[in-house]
Structure formats: C-alpha cells, structure tokens
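This is what each chain is made of:
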Amino acid sequence: MSRIVYVNGRYVPYAKAAVHVEDRGFQFADAIYEVCQVRAGNLVDEERHMARLARSLGELKIPAPMSAAALAHVMRETIRRNRVKDGLVYLQVTRGEGPREFVFPGEDVPRTIVCIARAVSPAPHDATAAQGIAVKTMPDLRWRRSDIKTVMLLPACLAKEAARGDGAREAWLIDNEGFVTEGASSNAWIVSAEGTVITRQIAPAILAGVTRATLIDLLREEKVPYVERPFRIAEALQAREAFITSATNTVMPVVRIDGSPIGDGKPGPLTLELRSKFDHFAAISGA
Ligand code: PDD
C-alpha cells in the first residue's frame, strides 16, 4: 500500500509530497510540530498535544492555520488513509513561503501544513525497554525557548549522533550550572534511593512533555511521591532508577549514564510499572 502525506489541503503520495524551496520552515526553522503516539488507530493524549501545538503557534505569533479540531481531523485522516494501527503521526506547521526575508510575511500568507503517519511495531520498543537504554551527557546547546516545540532540532541531532557514537540511545542535555535539562527528544527522570520520582520543573529550558504530564497524573493517582526540580548527573548516578518519557518511547528505562550503571544496571521495577500503567492509559486514550 502506498503511503499518503497531507500537504496543504491535499492527500498526496509520499514520493510526490513537497513544499516550496522558500518555505520559512526550510530556510529559518520558522515552524512548529507535534508527534503523537497512535494506538489501535487512535491518537493518544490528543487534547494535550493540540493544546501544546496551539501554545507553540501563539508563542511564535504564527496565526493558527485552522482550528485545533480541524488539525486533529487532518491527523486522524492521515492515520486512516495510511491504515496505521500502532505508530506515530507527525504534524508540522510553518509560517509559510515567500522571498527570503527575516521579518514575518503578512498574516494573509498561508501557513504550510504537513502531516505524516508512520506505523511503528511496538515489539522492538518493548524489547528495548526490557533491556533499558544507555544515555550520554552532552552540553545543552539549544536556544533559551526550548518550551516551544520548534523544528530547530540541529542541537538535538548533534547530541543524539554523539550519543549513538557511544552506543547510547539518548543524550541528556546539561545546562551551564551542571543540571540536566532534559533528553535531546525526551524528558529526563530519576528515582531517588528513598523512592521519590524526580523530574525538572516546567520552564523555558525544557519542553513540557505530554507524556510527562500524563505520567504526573498517574503518579498522583497511584500516590507515588514525586518532586519537580533540577538534578545533576552526580545525583542521577546515585539514583535507584532512571528513565525517559516521550510520545515515541512512552516510559523507557535508562540503565547507564556515560557508561556507569544506574542501580543494579537493570530497568527499575517502578519504571517498568509506570511503563505498563502508561501503556494501559494509551490503550484506552482516544478509543
Ligand atoms: N520529542 N523534550 C524534547 C526536547 C522533545 O523533543 C520531546 C518529544 C519531549 C517529550 O515530549 P512528549 O512526551 O510530548 O513526546 C521532551 C518528540 C517525540 C520528537 O521530536 O520526536
């Protein structure tokens, strides 16, 4: 079955999907995006993703190209046309195209909208989670508005490539004060020796992860103690467990940081329990 991509109001074959060479997303990274998990053909955590998308647009003063409901319809239709059961859907909105000028074009310039859906088999992810992943620390070279989900992802690419070179699946980014901000494409968490779950508080330095927010709801429900504050790698190395969260990984155990084992070097029991609780939530979310 050929893949179909949504581009500016049309559903076109993957090989024919294109945007203009002077699109501002291409020239300036003047664009925002969302990645949502798809489970049994449904969007997981749709409301939170659409709220964050609206916020990203607002922070960059990109006029909303259509209502959140219409954008969600595009995502659902792209999922349907590609017959994705389990996988991901990617939605990007750019400020549009025009001759290369730094200042914004008029609000009448149509925004570029692209939506891509991709099937991802859950089995390899579960196999990875059973082993846990390694992370590598890297300096956080990003701008000071990492709370906006822009496509300006070169620092994340560089960090992840360096991590891959060391056999690590994710990079943990370190700020100028030596604190972990977040993963290159995930939020970072540890579990203290006393069993308190720790993740950095929401601020311009990090992305407010949708998975993070839903996991905090689960922690509250389950009465698991948690605190939102920064932590250093020295503290993470003393932690009982560590993990990352993102739409693509859900809850993924971290078992090594820069080559040093966390806890006994195996995925932590609380992490695995949270992963399975999140999985249950995802299965019913949007169904
Ligand atoms: N990345 N922090 C950063 C820098 C991210 O890029 C992401 C997500 C997250 C986790 O957010 P969420 O739980 O809403 O996925 C945190 C996506 C998955 C990506 O770029 O592919």
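Residues numbered from 1 in each chain as written. Predicted model: local features only at pLDDT ≥ 70, side-chain atom pairs only at ≥ 80, totals over all residues. Heavy atoms only, no water.

A. Spatial organisation of the overall build of the chain. Scanning the chain from N- to C-terminus turns up eight helices and 15 strands. For 287 residues, the compact-globule formula gives about 19 Å, and the C-alpha radius of gyration of the chain, at 19 Å, lands near that figure. Each principal axis of the C-alpha atoms in the chain carries an extent, and together these give about 55 × 40 × 35 Å. With 287 residues in all, the chain has 49% of them scored as buried. Residue pairs in contact within the chain that sit at least 24 positions apart in sequence constitute 72% of those at least 6 positions apart. Taken as a whole, the chain presents about 14,000 Å² of accessible surface, with 55% of it coming from carbon and sulfur. The distance from the centre of the 37 positive side-chain charges to the centre of the 34 negative ones in the chain is 4 Å. (Helix = DSSP H or I, 4+ residues; strand = E, 2+ residues; numbered from the N terminus. Rg over C-alpha atoms; globule rule 2.2 N^0.38 Å. Buried < 20%, exposed > 50% of the residue type's maximum accessible area, 1.4 Å probe, protein only. Contact = heavy atoms within 4.5 Å. Areas by Shrake-Rupley, 256 points an atom, 1.4 Å probe, with all protein chains shown as cover. Lys, Arg positive; Asp, Glu negative; His and termini not counted. Charge placed at Lys NZ, Arg CZ, Asp CG, Glu CD.)

B. Geometry of the sheet that holds strand β4 (residues 42-43). Here six strands make up an open sheet; going across it, the order is β2-β1-β6-β5-β3-β4 and the pairing antiparallel. Two strands in the sheet have a free side with no partner beyond their single neighbour: β2 (10-13) and β4. Pairing geometry for strand β1 (residues 4-7) and strand β6 (residues 112-119), over two bridges, is antiparallel. For Y6, the partnering residue across the bridge sits in β6 and is C115. Across the sheet, helix α2 (residues 46-59) is in contact with β3 (31-39), β4 and β5 (87-94); its angle to β3 comes to roughly 175°. Packed on one face of the sheet, helix α3 (residues 68-81) meets β1, β2, β3, β4, β5 and β6 and runs near 40° to β6. (Pairing = 2+ DSSP bridges. Axes fitted to C-alpha atoms, helices over the stretch in contact; angles between N-to-C directions.)

C. Examining the nonpolar core more closely. Membership of the largest hydrophobic core comes to 23 residues, with the highest contact counts inside it found for I32, L53, M75, I79, V89, L91 and C115. Every element with two or more residues in this core is listed here: β3, α2, α3, β5 and β6. In terms of residues, this core owes the most to one element, α3, which gives five residues. Setting aside chain neighbours within four positions, we find C115 in contact with V5, Y6, V74, M75, T78, V89, Y90 and L91. Of all hydrophobic cores here, the second largest spans 19 residues; its members include A129, V135, I190 and F231. (Core = buried A, V, L, I, M, F, W, Y, C linked by side-chain atoms within 4.5 Å.)

D. Molecular detail of the environment of T199. In this structure, T199 sits in strand β11 (residues 197-199). Taking C-alpha positions, T199 is 9.3 Å from V180, a pair spaced 19 residues apart along the chain.

E. Region of interest: the pattern of salt bridges. Using the criterion set out here, one finds 24 salt bridges in the structure. Residues R142 and E182 are paired through a salt bridge, measuring 2.8 Å at the closest nitrogen-oxygen approach. Of this pair, R142 sits in the loop between β7 (133-139) and α5 (154-165) while E182 sits in strand β9 (residues 180-183), and the two are 40 residues apart along the sequence. Across the pair, E182 and R142 agree in class, each one buried. Salt-bridge contacts for E235 lead to R229; the nearest nitrogen and oxygen are separated by 2.7 Å. Classification of E235 as partly exposed rests on a relative accessible area of 28%. Linked through salt bridges whose partners overlap, the residues forming this network are R55, E59, R145 and D147. (Salt bridge = Lys/Arg side-chain N within 4 Å of Asp/Glu carboxyl O.)

F. How the structure looks around the pairing of β6. By the bridge criterion, eight bridges tie β5 to β6 in an arrangement that is antiparallel. Paired with T94 across the strands is T112, a residue of β6.

G. How the structure looks around the site of the ligand. Taken together, 19 residues lie around the ligand, and Y33, E182, V210, T211 and A247 are the ones closest in. Interatomic distance of 3.3 Å between a side-chain N/O atom of K149 and a nitrogen atom of the ligand. A247 is positioned with one of its backbone polar atoms (N or O) 2.8 Å from an oxygen atom of the ligand. Relative to its unbound accessible surface of 470 Å², the ligand loses 90% to contact with the protein. Those elements that provide at least two residues to the shell around the ligand are β3, β9, α6 (210-221) and β13 (241-246). Partitioning the shell around the ligand into residue classes produces six nonpolar, nine polar and four charged. (Near = heavy atom within 4 Å. Polar contact = N/O pair within 3.5 Å; in protein donor to acceptor, adjacent residues only side chain to side chain. Nonpolar A, V, L, I, M, F, W, Y, C, P; charged D, E, K, R; others polar.)

H. Fine view of the environment of P261. Among the structural elements, P261 can be located in strand β15 (residues 260-261). P261 sits 32 residues away from R229 along the chain, and the two C-alpha atoms are 23 Å apart. Ignoring any residue separated from it by four or fewer positions in sequence, one finds P261 in contact with V255 and R256.

I. Region of the structure containing the side chain of T181. Among the secondary structure elements, T181 is positioned in strand β9. Classification of T181 by relative accessible area gives buried; the value is 4%. Not counting residues up to four positions away in its chain, the partners in contact with T181 are D140, R142, L173, D175, R200, A205 and I206.

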